[in-house]
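Architecture at a glance
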Amino acid sequence: MTTSAFRRGFTHVKCRGEFYPRTENKVRRLQVPDDKVSWDAAFPDYRPTNFTSEHVLKGPVWADKDDLTTGNYKWNCLDNNVDRRSHLGEYNLDSQGRPLNPRGRTGISGRGCLGRWGPNHAADPVVTRWSIDPSTGKILQAKGQPVLQFVSILRGDCNEWALPGGMVDPGESFSTTLLREFVEEAMDMSTSAEKEKVKEFFATGGTEIYRGYVDDPRNTDNSWMETVVVNYHDRDGTYFKNIKLKSGDDAIGVQWKNLTDDLKLYASHSFFLKKVKELHLNGN
Ligand code: RP5
């Protein structure tokens, strides 16, 4: 199973950096060369750093227990409203009964700062519109193509621009998470009329762009991020014309960004945006 699932996707990079995020460079990952990422590649000396943050070990509501015997979790299942299934298919367990990252080694075992063993499910809304050139009032062109804009937030935890996505709560549908996260992170302090307008906009329907693994710097050998990415396109700009964006929750900034090829965004978000661009410009 692991071989084909591994080959189907990209090789994760951002979760193999030198240090684990949010640890002030105190937790160092064992370095995993590209050709040793797959669990199928022999790596006899592989002894990853074991790390689960104090915060997670304290057992907040969104986190699993550290002790798997008392936790009695049902892997690869919908387990009491917590979705432990992976978008990538069935995942394996290691010799200690912990879920194994289907994209391979990360140099850290345990959960790092993620709450769930196995997949941690998120949803990412990509709200787009055409970028208008203020000097002509027409759609901005670059390299002979119309330019899209999308709503981006600045993450407070790492100071990187990202999509306004977030974790799916137990029992929550992806569509609920997509709207809730957008409103929380990009529309703080908006009036209820503005929020209603955005709710109506999301209800017009979006296009699913991606469903799967995220190369998130927080991933470990036993806990990883997965997401569903949906694009909501305001084709004539009417829905967002009079809506003022304001960052909230964990976001410390928000803006409409032009969707250019050189975007550097959090985790796999630039990859998702590339797919959004293809959808609108190549008509796929
Ligand atoms: C990423 O982390 C997902 O793509 C999503 O954007 C985000 C969810 O985590 P939090 O923003 O809730 O920390 O992997």
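See the structure shown above.
Residues numbered from 1 in each chain as written. Predicted model: local features only at pLDDT ≥ 70, side-chain atom pairs only at ≥ 80, totals over all residues. Heavy atoms only, no water.

1. What about helix 4 (residues 174-186)?
Filter applied, for reference: Working definition: helices are DSSP H or I runs of at least four residues, strands are E runs of at least two. Numbering for both runs from the N terminus. To estimate the expected span of a helix, subtract one from its residue number and multiply by 1.5 Å. Using a 1.4 Å probe on the protein chains alone, a residue whose accessible area is under 20% of its type maximum counts as buried, one over 50% counts as exposed, and one in between counts as partly exposed. Working rule for contacts: check all heavy atoms of both residues, and any pair within 4.5 Å makes them a contact.
Compared with an ideal rise of 1.5 Å per residue, which puts 13 residues at 18 Å, helix 4 spans 18 Å between its outermost C-alpha atoms and is within 8% of the ideal. For helix 4, every residue scored as buried is listed here: Thr177, Leu178, Leu179, Glu181, Phe182, Val183, Glu185 and Ala186. Those residues of helix 4 that are buried lie in contact with strand 5 (118-130), strand 8 (148-155), strand 10 (166-167), helix 5 (192-203), strand 12 (223-233) and strand 13 (251-258).

2. Some details on the pattern of salt bridges
As a reminder, the rule being used: Whenever Lys or Arg places a side-chain nitrogen within 4 Å of a carboxyl oxygen from Asp or Glu, that contact is recorded as a salt bridge.
Enumeration according to the criterion identifies 19 salt bridges in this entry. Ionic pairing is found between Arg22 and Asp157, a salt bridge with its closest N-O pair at 2.7 Å. A residue pair is termed long-range when its members are at least 10 positions apart, and Arg22 in the loop between helix 1 (2-8) and strand 1 (49-52) and Asp157 in the loop between strand 8 and strand 9 (161-162) qualify at 135 residues. Across the pair Asp64 and Arg84 runs a salt bridge, and its minimum N-O distance is 3.0 Å. Here Asp64 is found in the loop between helix 2 (54-57) and helix 3 (68-71), whereas its partner Arg84 is found in the loop between strand 3 (82-83) and strand 4 (108-112), with 20 residues between them in sequence.

3. Side note on the site of the ligand
Spelled out, the test is: Any residue with a heavy atom positioned within 4 Å of a molecule or strand is treated as near that molecule or strand. Counted as a polar contact is a pair of N or O atoms within 3.5 Å, where, for protein atoms, one must be capable of donating a hydrogen and the other of accepting one, and residues adjacent in sequence contribute only when both atoms are in side chains. Values of accessible area rely on a 1.4 Å probe in the Shrake-Rupley scheme; residue burial ignores everything except the protein chains shown. As a working rule, the residues Ala, Val, Leu, Ile, Met, Phe, Trp, Tyr, Cys and Pro are called nonpolar, Asp, Glu, Lys and Arg charged, and the rest polar, with Gly in that last group.
By nearness alone, every residue bordering the ligand is listed as Ala122, Asp124, Arg155, Gly165, Gly166, Met167, Val214, Asp216, Arg218, Met225 and His269. A distance of 2.8 Å separates an oxygen atom of the ligand from a polar side-chain atom of Arg155. Here an oxygen atom of the ligand sits 2.6 Å away from a polar atom, N or O, in the side chain of Asp216. Protein contacts shield 92% of the accessible area of the ligand, which totals 360 Å² for the unbound molecule. Within the shell around the ligand, the residues separate by chemical class into 4 nonpolar, 3 polar and 4 charged.

4. Quick look at unusual backbone geometry
Here Arg22, not a glycine, exhibits a phi torsion of approximately 60 degrees, which is positive. With a phi close to 60 degrees, Asn25 is a non-glycine residue in the positive phi region. Within the secondary structure, Asn25 sits in the loop between helix 1 and strand 1.

5. Thoughts on the environment of Asp250
In this fold, Asp250 is placed in the loop between strand 12 and strand 13. Residues Asp250 and Pro164, 86 residues apart in the sequence, show an inter-C-alpha distance of 9.7 Å.

6. With respect to the side chain of Ser38
In this fold, Ser38 is placed in the loop between helix 1 and strand 1. The exposure class assigned to Ser38 is buried, which follows from its relative accessible area of 12%. Among the polar contacts listed, one links the side chain of Ser38 to the backbone nitrogen of Asp40, at a separation of 3.0 Å.

7. What to know about helix 5
Counted at 1.5 Å a residue, the expected span for helix 5 with its 12 residues is 16 Å, and the 16 Å between its end C-alpha atoms agrees. At its buried positions, helix 5 is contacted by strand 5, helix 4 and strand 12. Once helix 5 finishes, Gly205 follows within two positions and takes phi at roughly 105 degrees, a positive value.

8. Digging into the packing of aromatic side chains
Aromatic ring pairs: the centre-centre distance and the angle between the two ring planes describe each pair. Definition in use: The criterion for an aromatic pair is that two Phe, Tyr or Trp rings (for Trp, the six-membered ring) have centres within 6.5 Å, with stacked assigned to planes under 30 degrees apart, edge-to-face to planes over 60 apart and tilted to the rest.
One pass over the structure, following the stated rule, counts 18 aromatic pairs. With 5.6 Å between their ring centres and 45 degrees between their planes, Phe182 and Phe202 make a pair best called tilted. A residue pair is termed long-range when its members are at least 10 positions apart, and Phe182 in helix 4 and Phe202 in helix 5 qualify at 20 residues. No difference in accessibility class separates Phe182 from Phe202, as the two residues are buried.

9. Description of the nonpolar core
The following threshold applies: Nine residue types can take part in a nonpolar core, namely buried Ala, Val, Leu, Ile, Met, Phe, Trp, Tyr and Cys, and a core is a set of them joined through side-chain atoms within 4.5 Å.
Ranked by size, the top nonpolar core spans 54 residues in total, and within it Val127, Phe182, Phe202 and Phe240 carry the most contacts. Looking at this core, the elements with two or more residues in it are strand 5, strand 8, helix 4, helix 5, strand 11 (207-213), strand 12, strand 13 and helix 6 (269-281). Of all the elements, strand 12 adds the most residues to this core, at 6 residues. Grouped together as the second largest cluster of nonpolar side chains are 5 residues, Tyr20, Val27, Ile108 and Cys113 included.

10. What about the pairing of strand 8?
Filter applied, for reference: A strand pair is defined by DSSP finding two or more bridges across the two strands.
The buried fraction of strand 8 amounts to 8 of the 8 residues, a majority that puts the element mostly inside the structure. Alternating residues of strand 8 divide into Leu148, Phe150, Ser152 and Leu154 and Gln149, Val151, Ile153 and Arg155, and every residue in both groups is buried. Across 3 bridges, strand 5 lies against strand 8 in antiparallel orientation. Residue Arg129 lies in a different strand from strand 8, and its bridge partner there is Gln149. When strand 8 meets strand 13, the two strands line up antiparallel, connected through 7 bridges. Within strand 13, the residue paired with Arg155 across the bridge is Ala251. Here strand 8 pairs with strand 9 via 2 bridges, running antiparallel. Residue pairing across strands places Ile153 opposite Ala162, the latter belonging to strand 9. Where strand 8 folds back onto strand 9 in an antiparallel hairpin, the turn is made up of 5 residues, including Asn159, whose phi is positive at roughly 60 degrees.

Shape descriptors only; they carry no functional weight alone.
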